Amino acid sequence: MQGKGIIQFLIGIITLACVYSLSFTFVARSVEKDAAAYAKGDMQKERAYLDSVADLTAFNLGFAKYTYQEAKEREIALGLDLKGGMNVTMEISLQELIRNLAGDPKDTNFDEALKNAEIRTKESQADFVTLFGEEFKKLSPNVSFASFFATKDNVATINAQSSDEEVLSFLRSEANSAIDRSFNILRTRIDKFGVSAPNIQKQQGTNRILIELPGVTDEQRVRNLLQGSAKLEFWETYDNLEIFSLLENINTTLAGALKNQKTTTDNPVADTTAASADQGQLAALTGGNTDSLSTENAAATQDAQNNPFFTVVQPSVGLNEAGQTSLRPGPIIGYVAQKDTALVNSYLQNPSVKAIIPANVKLAWSVKVISKEDKRLELYALKPSTSDGQAALGGSVIADARADFDQQGNPQVFMMMNTEGARDWRRITAAASADPNNKKAIAIVLDDVVYSAPTVQDEIPSGNSSISGNFQIQDTQDLANVLKAGRLPAPAKIVEEAIIGPTLGQAAIDAGINSSVIGLIVVLVFMVCYYNKAGIVANIAVLFNVFFIMGILASLGAVLTLPGIAGIVLTMGTAVDANVLIYERIREELRLGKSIRQALADGYKHAMPSILDSQITTFLVGLILFIFGSGPIAGFATTLMIGIISSLFTSIFISRIIFEWMLEKDWKISVSYPWSSHTFLGANYKFYKNRKISYTISAIAIAISLVFIFTKGFNLGVDFQGGRTYVADFENSVNLEEVRDYLNTSFGQETEVKTYGGNDKLRITTSYLVEETSGTADDEVLAKLNEGLNQVQNNAHEIVSSQKVGPTIANDIKISAIYSMVFAIIGIGIYVLIRFRKWQYSLASAAALLHDAIILLGIFSIFDGILPFSLDMDQNFIAAILTVLGYSINDTVVVFDRMREYLNIPSNRKKNHGEIINEAINSTLSRTIITSLTVIFVIGVLFVFGGEVIRSFSFAILIGLIIGTYSSIFTAAPIVGDLTKDEEDEVKVVTEKAKVIKA
């Protein structure tokens, strides 16, 4: 084996990298286990414990140290379906944005165009601005857009002479800007919410933002937080020198208040008044028993009791000209570690402290930590400018803001105000810069958080201001977006949401773990039972494969979801595919009388083309799923692609290294048992000769499927038709028809009610108020739901999860699903054409894929409502059907490869294509059946033990694999033969004509 040393080195490096990546998960879980043991069910104490150790070293590798917080950021995160929580898709209302940019014109055609554009977004993939432009021109073809948008607020970009295309370009730019600043605002709000490992991302090409909040239980608070209007304000500030005496008073008052409390151990606030993070951890570990602490730590604890406020709030100090420590002038009055901000907030809410803080002082935090290394937030003291405690200026006066550069090339922000704002801005800046020895700062505050507090150098008379500082380019872009958030707000509304209760999440975890373990055992046992010692080698490769997959997922920061676990289970089944190809070729070489060493070398060599072709086609399907899928589907695709790459590496290299080692040790290598060595040996089934029978069977199956598809149709899932789905858990079993009648009466329309894993758990789907996505509509639907369910006598219920999908989202998902199916078939067809260089192979593979897809769709239509589990047409089904297509072409390509190999043998040139095709199918029959059985075993385990959440998903793959195996043997290869036969007949005709002419 060439390059064995390099491969061994590479295996060692990858193994170490995976151990390194996975170790953070174990470290983080270990700390959390200690926290849970300390808190004994008290979530507030558990959170306090974790806060106290957040910045402590939890993982020391010698060459690098990592805190618990850093380990937490690197662990494998669990998705909502495993951990519970809330998934929300926010849509920025571009309709309101355009209306505001035009100054809310009272024009009937303008309003009608906006409404029509909103309707068309449910069916069109064009952007909203384009649709609005088209609709407006239909109604007012002779009216220019500039007549609406050439306002004083837009004067910097649009004037009365601007063309329609220039205005539309401006609107698109503003729409993108609105999405960007909404994204920043939402990200900041989520950070303030305190969710562990949140995920927020823009959906490129749309006006939507996806938000995942693991562990959230207060859904209404989240809705209110995310859908609230952004509030931008400009506040005057106090200087640090003015406010320090107040901080001293707070510290003294707080110390007295805490000492007067009856006990500190029962007080969750006092529990966390440690002198430092280290002290907090020690106090937590000893259960508050300070007798075991060192004298130094005891002194620190005493200091914390005497100075509780200054223990966590570091005053803003520096060295003066004499080199002495003194208060630093400026708007920053203190620094607090990010983990201690909740504690400081609780101190400030103490009744004794609140009583001494003047009404004209408002304390506020900075928006982010000082730096990645310095995880402290700045504390500011804001000065109300009105008698009712309001800011000096509201954000609505901002006309425009943009990131810019000063004359020295340093990043800055250029801000422009309207006439009203410029007048007030002149007054405010004049007052702030009046004292040349004590210039004041103006704080830019969004949603009560300080984004920047620049010091005013001079009076600004025009309203055009430059904000400079120690900025990076990204800082100025973010600040410009913040400033623009106060102007022309684009309301954000929730158009899709899914709430997974933690109970359901734990059930999903258990189901995923059970199916993974059982699936792994099934694969390992089967391989040893069939391939003897070679099966043990394959099992070692499979174990390495699973280990590498988890390590890579951890290193990529991927989120593990239930479909992701399904992808891992599926990969375990297909991981042996390459080994099966190799072993079957080794057995063929051994039958030719070759030595085991030579058979191994030739087996790996001859199996390589089939391995690469089959895995690349499956990888293409995973790539298409990743591009067009979202959320769990993208997670499944990620796992699938990683699994394919890992499987190739482990099957080709690790198993070969083990075999080489066994040869060096002169160990006997067996690739079969006596009973399994002759499986399908000498098979000579007349597949090609009897192709008309298989064509007839396929034609009948396709015809029946099409009849049901076009007559009965499908039960569309909520993500394809829009609506709301709830999972209700009852104490006892319920009568399905009775519950359906109650809900039909409550909603006033037909409601879909199905069992969900048992008669005590129901899955309820309703289209009631499907067009309404507001929070009020959510409350009304939930009220109607509970009204119906409460009629079930003596059987309490709990809503453990819910999902909401707006009609626009549903349409986009359907279109993406169609695109993914079409591109998958086209992409595979193109690859087969390039690889085999004959259109017959490409056309046959596409026909076989269509065959599989239509029959699988037909089965879902036929058996929906008959089988005791859901057969909804949703995103999971699309992932399943594309996976089936990937594995179907996997089998087909193996047969094609053997056909190509046989065609290149000189002795076969006298044979017709039918004979060669039959030989190719029969020679690969063992591999096809063994691989399919292995995967079917694993998917069968997933179907039985994987849980209700993915039962229809695993059912689709299970049935699809059977159909795909059938089409690979009975459909794809015979079609190639028929197409090639026509080509052969034409060649024969030309040859005969040539002979006649020559004669």
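Just so you know, these numbers come straight off a predicted model, no measurement behind them.

A. Main features of the overall build of the chain. Secondary structure summary: the chain contains 33 helices and 25 strands in total. Within the chain, the fraction of its 999 residues that count as buried is 53%. Look at the contacts in the chain between residues 6 or more apart in sequence, and 74% of them connect residues 24 or more apart. Surface exposure of the chain reaches about 44,600 Å², of which carbon and sulfur atoms provide 56%.

B. Seen up close, helix α10 (residues 219-227). Restricting attention to buried positions, one finds in α10 the residues V222, R223 and L226. One side of α10 holds all its buried residues, which, seen down the axis, span an arc of 100 degrees.

C. Layout of the packing of aromatic side chains. Summed over the entire model, instances satisfying the criterion amount to 40 aromatic pairs. Ring centres 4.9 Å apart and planes at 90 degrees place the aromatic pair F24 and Y66 in the edge-to-face group. Taken together, the residues F24 in helix α1 (residues 4-39) and Y66 in strand β2 (residues 65-67) connect sequence positions 42 residues apart. We note that F24, like Y66, is buried. For the pair F59 and Y66, a centre-to-centre distance of 6.3 Å together with 35 degrees between the ring planes defines the contact as tilted. Owing to a relative accessible area of 15%, F59 belongs among the buried residues under this scheme. Y66 sits in the buried class, given a relative accessible area of 11%. Taken together, the ring pairs in this structure connect F526, Y530, Y531, Y583, F659, W675 and F937 into an aromatic cluster. The lysine or arginine in question, R74, covers the ring of F24, its NZ or CZ lying 5.5 Å from the ring centre. A cation sits over an aromatic face here: K383 above Y238, 4.9 Å from the ring centre.

D. Focus on the packing of helix α29 (residues 839-863) against helix α30 (residues 875-903). Across the interface, α29 lies against α30 with an axial gap of 10 Å and an inter-helix angle of 145 degrees. As for how α29 packs across α30, the hand of that crossing is right-handed. Two secondary-structure elements touch here, α29 through Y841, A844, S845, L849, D852, A853, L856, L857 and F860 and α30 through F877, I881, V884, L885, S888, I889, F896, M899, R900 and L903. For the contact of α29 with α30, a count of residues per class yields 15 nonpolar, 2 polar and 2 charged.

E. View of the nonpolar core. The biggest cluster of nonpolar side chains holds 130 residues, and the ones touching the most others in it are M527, Y583, F659, F877, L882, F896 and M899. Excluding residues that lie within four positions of it along the chain, L882 makes contacts with V621, L625, S820, M821 and A824. Membership of the second largest hydrophobic core comes to 43 residues, among which are M90, I98, F110 and L186.

F. Main features of the sheet that holds strand β24 (residues 761-766). Across the sheet, 8 strands lie side by side as β5-β6-β4-β20-β25-β22-β24-β23; this open sheet has antiparallel pairing. Either end of the sheet is taken by a strand with one partner, and the two such strands are β5 (199-203) and β23 (752-758). Here the average twist between neighbouring strands, direction ignored, is 20 degrees. With 7 bridges joining them, strand β4 (residues 85-92) and strand β6 (residues 208-214) adopt antiparallel strand pairing. Residue M86 lies in a different strand from β6, and its bridge partner there is L213.

G. Here's a closer look at the confidence of the model for the chain. When pLDDT is averaged across the chain, the result is 81; 89% of the residues are at 70 or more. The element-level mean pLDDT for the chain is lowest in helix α12 (residues 277-285), coming to 37, with helix α24 (residues 691-711) highest at 94. Scored below 50 in pLDDT, residues 262-296 makes 44 contacts in the model with residues more than four places away or belonging to other chains. Low pLDDT, under 50, characterises residues 985-992; the stretch is placed with 0 contacts to residues that sit more than four places away or in other chains.

H. Main features of the pairing of strand β17 (residues 442-446). Of all 5 residues making up β17, 5 are buried, and the element is well covered by its neighbours. What you see with β17 is no split at all: I442, I444 and L446 on one side and A443 and V445 on the other are buried throughout. Pairing analysis gives 3 bridges linking β17 to strand β18 (residues 449-452), with the strands arranged antiparallel. Pairing of L446 across the sheet is with V449, part of β18. Two successive antiparallel strands, β17 and β18, enclose a turn made up of 2 residues, where D447 displays a positive phi of approximately 55 degrees.

I. The environment of A492, seen in detail. Within the secondary structure layout, A492 lies in strand β20 (residues 492-500). Each C-alpha atom of the pair A492 and T89 lies 9.8 Å from the other, and the pair is 403 residues apart in sequence. In this structure, A492 is in contact with M90, E91, I92 and Q227, ignoring residues within four places of it in sequence.

J. Spotlight on the side chain of S465. Structurally, S465 can be placed in strand β19 (residues 464-468). Polar contacts involving the side chain of S465 include one to the side chain of W425, which spans 2.7 Å. Those residues in contact with S465 that lie beyond four places of it in its chain are V413, F414, M415, W425 and I460.

K. Layout of helix α31 (residues 913-923). With 8 of its 11 residues buried, α31 lies for the most part within the structure. Listed in full, the buried residues belonging to α31 are H913, G914, I916, I917, N918, A920, I921 and N922.

L. Up close: the side chain of S954. You can see S954 is positioned in helix α33 (residues 951-998). A relative accessible area of 0% places S954 in the buried class. A distance of 3.0 Å separates a polar atom in the side chain of S954 from the backbone oxygen of R951. Residue contacts for S954: discarding those within four places in its chain leaves I939, L942 and F943.

M. Spatial organisation of the packing of α24 against α29. Taken N-terminus to C-terminus, the directions of α24 and α29 make an angle of 50 degrees; their axes are 8 Å apart at the nearest point. Here α24 is positioned oblique relative to α29, judged by the angle of their axes. At the point where α24 passes α29, the crossing takes the left-handed sense. Between α24, through S698, A701, I702, I704, S705, L706, F708 and I709, and α29, the contact on the second element is made entirely by H851, I854, I855, L857, G858, S861 and I862. Each residue belonging to the contact of α24 with α29 can be placed in one class, and the counts come to 10 nonpolar, 5 polar and no charged.

N. Structural context of the environment of D435. Of note, D435 is situated in the loop between α17 (419-432) and β17. Classification of D435 as partly exposed rests on a relative accessible area of 36%. Remark: the alpha-carbon pair of D435 and Q457, spanning 22 residues in sequence, is separated by 10.0 Å.

O. Representation of unusual backbone geometry in the model. You will see that N532, though not glycine, has its phi angle at about 60 degrees, which is positive. You can see N532 is positioned in the loop between α19 (502-531) and α20 (533-556). Residue class for N532 comes out buried when judged on its relative accessible area of 16%. Positive phi, normally seen in glycine, also occurs at D666, with a value near 60 degrees.

P. Summary view of the pattern of salt bridges. Taken as a whole and assessed by the stated rule, the structure comprises 33 salt bridges. Between D404 and R402 there is a salt bridge whose closest N-O contact spans 3.9 Å. On the accessibility criterion, D404 (24% relative accessible area) is partly exposed. As a salt-bridge pair, R900 and D897 come within 2.3 Å of each other at their nearest N and O atoms. Of this pair, R900 and D897 both sit in helix α30, 3 residues apart, roughly one helical turn.

Criteria and cut-off values
Residues numbered from 1 in each chain as written. Predicted model: local features only at pLDDT ≥ 70, side-chain atom pairs only at ≥ 80, totals over all residues. Heavy atoms only, no water. Helix = DSSP H or I, 4+ residues; strand = E, 2+ residues; numbered from the N terminus. Buried < 20%, exposed > 50% of the residue type's maximum accessible area, 1.4 Å probe, protein only. Contact = heavy atoms within 4.5 Å. Areas by Shrake-Rupley, 256 points an atom, 1.4 Å probe, with all protein chains shown as cover. Arc of directions from axis to C-beta. Phe/Tyr/Trp six-rings, centres within 6.5 Å; stacked < 30°, edge-to-face > 60°. Lys NZ or Arg CZ within 6 Å of the ring centre and 35° of its normal. Axes fitted to C-alpha atoms, helices over the stretch in contact; angles between N-to-C directions. Left-handed = near helix turned anticlockwise from the far one by under 90°. Nonpolar A, V, L, I, M, F, W, Y, C, P; charged D, E, K, R; others polar. Core = buried A, V, L, I, M, F, W, Y, C linked by side-chain atoms within 4.5 Å. Pairing = 2+ DSSP bridges. pLDDT = per-residue confidence, 0-100. Polar contact = N/O pair within 3.5 Å; in protein donor to acceptor, adjacent residues only side chain to side chain. Parallel < 35°, antiparallel > 145°, perpendicular 65-115°, else oblique. Salt bridge = Lys/Arg side-chain N within 4 Å of Asp/Glu carboxyl O.

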